[in-house]
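# Overview (structure and organization)
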Number of protein chains: 2
Amino acid sequence: MTISTGKDPSSTQASGVTLASTLAQRLREQITEGRLTPGTKLHLEDLKETFGVSLSPLREALSRLSGEGFVVLQGQRGYSVAPVSEANLREVTILRMEMESFALRQAIACGDRQWEGGIVAALHRLNSLPPTTISKSRTEEIDEWEAEHRQFHLALISACQMPLLLQFCTTLHDLSDRYRRLFLEKNPTDRDVQEEHIAIANATVTRQADKAADLLRQHIERTGTNVLKSLAENHSK
Amino acid sequence: MTISTGKDPSSTQASGVTLASTLAQRLREQITEGRLTPGTKLHLEDLKETFGVSLSPLREALSRLSGEGFVVLQGQRGYSVAPVSEANLREVTILRMEMESFALRQAIACGDRQWEGGIVAALHRLNSLPPTTISKSRTEEIDEWEAEHRQFHLALISACQMPLLLQFCTTLHDLSDRYRRLFLEKNPTDRDVQEEHIAIANATVTRQADKAADLLRQHIERTGTNVLKSLAENHSK
DNA sequence: TAATCATAAAAAATCGAATATTTAGAAATT
DNA sequence: AATTTCTAAATATTCGATTTTTTATGATTA
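Residues numbered from 1 in each chain as written. Chains lettered and ligands numbered in written order. Predicted model: local features only at pLDDT ≥ 70, side-chain atom pairs only at ≥ 80, totals over all residues. Heavy atoms only, no water.

Once turned by 180 degrees and shifted 0.0 Å along the axis, chain B lies on chain A with an RMSD of 0.1 Å. Viewed as a symmetry operation, the transformation between the two copies matches a two-fold axis. With an isologous cut-off of 70% or more, the 100% of interface residues of chain B that recur at the interface of chain A puts this contact in the isologous class. (Least-squares fit on C-alpha atoms with pLDDT ≥ 70 in both. Contact = heavy atoms within 4.5 Å.)

In structure tokens, the structure reads:
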């Protein structure tokens, strides 16, 4: 017999959140963080145990990640972590340059004062992160920076009023992050990224569309080139 | 007891094809063809019966379509056919203009002779479709034209060497098709689309990147505007 | 009468088991 | 020895049933 009609608030999931959606998020993180090696086969039986869930939500989660490009589904041969390649990194970088700069132009055309505020706030949070906190682990530190960084880039284009475009850009950004974290772990700040972010934000809130779009393109391209170098080295080692 | 170790070749699915993938295709067709009304709630129990399958493959199929934008998933409230709106059509049109023309430029830069041949062949197949066949139903006729049309547009950009971009463009094209079929059923050839296709193909195979990209943009924009008109009328009726 | 709460019905999400497919290895054949 | 064929183990896919959540309905109270 089961009594509990009274729900346990602490274990109750927030509205709209399902096991599958939580799983998708967790798996996406594991992949972008590089904890799941590119190309690895994802054995459902293992994942089932690891995450303590059944097949249904697991498949649903993987199914979504497949659409986002983080995992690859092959016919009757299961799922595997999306492989990495120079060509793919090149494509992701170029597409980010094109689409994010386009989104930025749209945002500059449509954005209101609240949007401007969001950019300034996100920039502040990003650049005021404690340089090196002793209490936190290296991974936690990176995670925090990554989260703020993502937020900043999203804030820039959030006013473009194009949901599909935002979704595309977000996915591309996540894919890009993965490469950066996989191949640029040692030197995350080899150039003055802070200054670049400031310049982009300035040009944006002052509505200098051409300048802002150009700075953003360069920003994305530089990161791409850097990662590409590391990837090539890594590959030829 | 079950004897059949010997598999029935006629009922055996081709390699890599699963029930889920077949279902996704069927559902996508039903949605783009307008047989499933936009915004309709998709009751899993009903779909289960309609397609004669169980929940697992059904969910997996819907999950994929959700990533492609054909269905919408809301938390614990199930799936529904993606709604249509003026704003969404506008976005799809603009994104197609941007991304397809960009892809075309890349293809023109990378494409070889085989690619050129593919374009010419696709154009021929598209324009040599029997104008009005008596043996076929109206729907079959449209389906055939749509298929060739899709093939032609894909052939144009197929040499861009960017899988992700191709995927985006394909999805956007499908979404666009849906609007056209939903709101432009009466007059599918109100302008000289044939000529437009010929002009685009010519500029492309002669490697006139600027001209080709521009013609393609106009082509997409015209369609968008036409559908938008019908949609607005339909909405205010 | 309107609003709130409890209850029942419907539907979605998840689970555990059954089925079908692929893969790897051994035996048989060329 | 190499190739093919068969067999068994592993794995992906699918199913039917269970659990959880939402939605609709009616009763209760202010």
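Before going further, it helps to examine the protein's contact with DNA strand D. Looking at DNA strand D, there are 19 residues lining it, with R59 and G75 of chain A together with L19, S56 and R77 of chain B nearest. In the model, a phosphate oxygen of DNA strand D is placed 3.0 Å from a nitrogen or oxygen of the K41 of chain A side chain. Between L44 of chain A and DNA strand D, the recorded distance is 3.5 Å, taken from a backbone N or O atom to a phosphate oxygen. Among the elements of the structure, strand 1 (41-42) and helix 3 (55-68) of chain A together with helix 1 (19-32) and helix 3 (55-68) of chain B are those that each provide at least two residues to the surface near DNA strand D. Its residues placed into classes, the surface near DNA strand D shows seven nonpolar, eight polar and four charged. (Near = heavy atom within 4 Å. Polar contact = N/O pair within 3.5 Å; in protein donor to acceptor, adjacent residues only side chain to side chain. Helix = DSSP H or I, 4+ residues; strand = E, 2+ residues; numbered from the N terminus. Nonpolar A, V, L, I, M, F, W, Y, C, P; charged D, E, K, R; others polar.)

Axis angle and axis distance: for two packed helices, these are the angle between their axes and the distance between the axes, and together they describe the pair. All names here are of chain B. Contact geometry of helix 8 (residues 193-205) with helix 9 (residues 209-236) gives a least axis separation of 8 Å together with a crossing angle of 155 degrees. It follows from the interaxial angle that helix 8 and helix 9 lie roughly antiparallel. Here helix 8 and helix 9 pass one another in a crossing that is left-handed. Residues V193, E196, H197, A199, I200, A203 and T204 of helix 8 form the contact with helix 9, whose participating residues are K211, A212, L215, L216, H219 and R222. Taken together, the residues of the contact of helix 8 with helix 9 sort by class into seven nonpolar, three polar and three charged. (Axes fitted to C-alpha atoms, helices over the stretch in contact; angles between N-to-C directions. Parallel < 35°, antiparallel > 145°, perpendicular 65-115°, else oblique. Left-handed = near helix turned anticlockwise from the far one by under 90°.)

What follows deals with the packing of aromatic side chains. Residue and element names in this part refer to chain B. Evaluated as defined, the whole model comprises three aromatic pairs over all chains. On the numbers, 6.3 Å between centres and 25 degrees between planes, the contact of Y179 with F183 is stacked. Separated by four residues within a single helix, Y179 and F183 lie in helix 7 (residues 163-183), roughly one turn from each other. Just as Y179 is buried, F183 falls in that class too. (Phe/Tyr/Trp six-rings, centres within 6.5 Å; stacked < 30°, edge-to-face > 60°. Buried < 20%, exposed > 50% of the residue type's maximum accessible area, 1.4 Å probe, protein only.)

Attention now goes to the packing of helix 5 (residues 113-127) of chain B against helix 8 of chain B. Residue and element names in this part refer to chain B. Interhelical geometry of helix 5 versus helix 8 gives an angle of 170 degrees and a closest axis separation of 10 Å. Between helix 5 and helix 8, the interaxial angle falls into the category roughly antiparallel. Here W115, E116, I119, L123, L126 and N127 of helix 5 lie close against helix 8, whose contacting residues are Q194, H197, I198, A201, T204 and V205. Residue composition of the contact of helix 5 with helix 8, by class: seven nonpolar, four polar and one charged.

In the vicinity of DNA strand C lie 18 residues, with L19, S56 and R77 of chain A together with R59 and G75 of chain B positioned nearest. At the protein interface, 82% of the atoms of DNA strand C within 4 Å belong to sugar or phosphate. One of the backbone N or O atoms of A20 of chain A is found 3.4 Å from a phosphate oxygen in DNA strand C. In this structure, a phosphate oxygen belonging to DNA strand C sits 2.5 Å away from a main-chain N or O atom of G75 of chain B. Only helix 1 (19-32) and helix 3 of chain A together with strand 1 (41-42) and helix 3 of chain B provide two or more residues apiece to the surface near DNA strand C. Across the surface near DNA strand C, the residue classes break down as seven nonpolar, eight polar and three charged.

Turning next to the pattern of salt bridges. Tallied over the full model, the rule gives 33 salt bridges over all chains. Between E45 of chain A and K48 of chain A there is a salt bridge; the shortest N-O distance is 3.4 Å. Of this pair, E45 of chain A and K48 of chain A both sit in helix 2 (residues 44-51), three residues apart, which is roughly one turn of that helix. Given the relative accessible area of 49%, E45 of chain A is considered partly exposed. Of the residues examined, K48 of chain A reaches a relative accessible area of 28% and is grouped as partly exposed. Where R222 of chain B meets E196 of chain B, a salt bridge forms, and the shortest distance between an N and an O atom there is 3.1 Å. Separated by 26 residues along the polypeptide, R222 of chain B in helix 9 and E196 of chain B in helix 8 bring together distant segments of the chain. Each of the salt bridges in this network shares a partner with another, and the network as a whole consists of E146, R150, D174, D177 and R180 of chain A. (Salt bridge = Lys/Arg side-chain N within 4 Å of Asp/Glu carboxyl O.)

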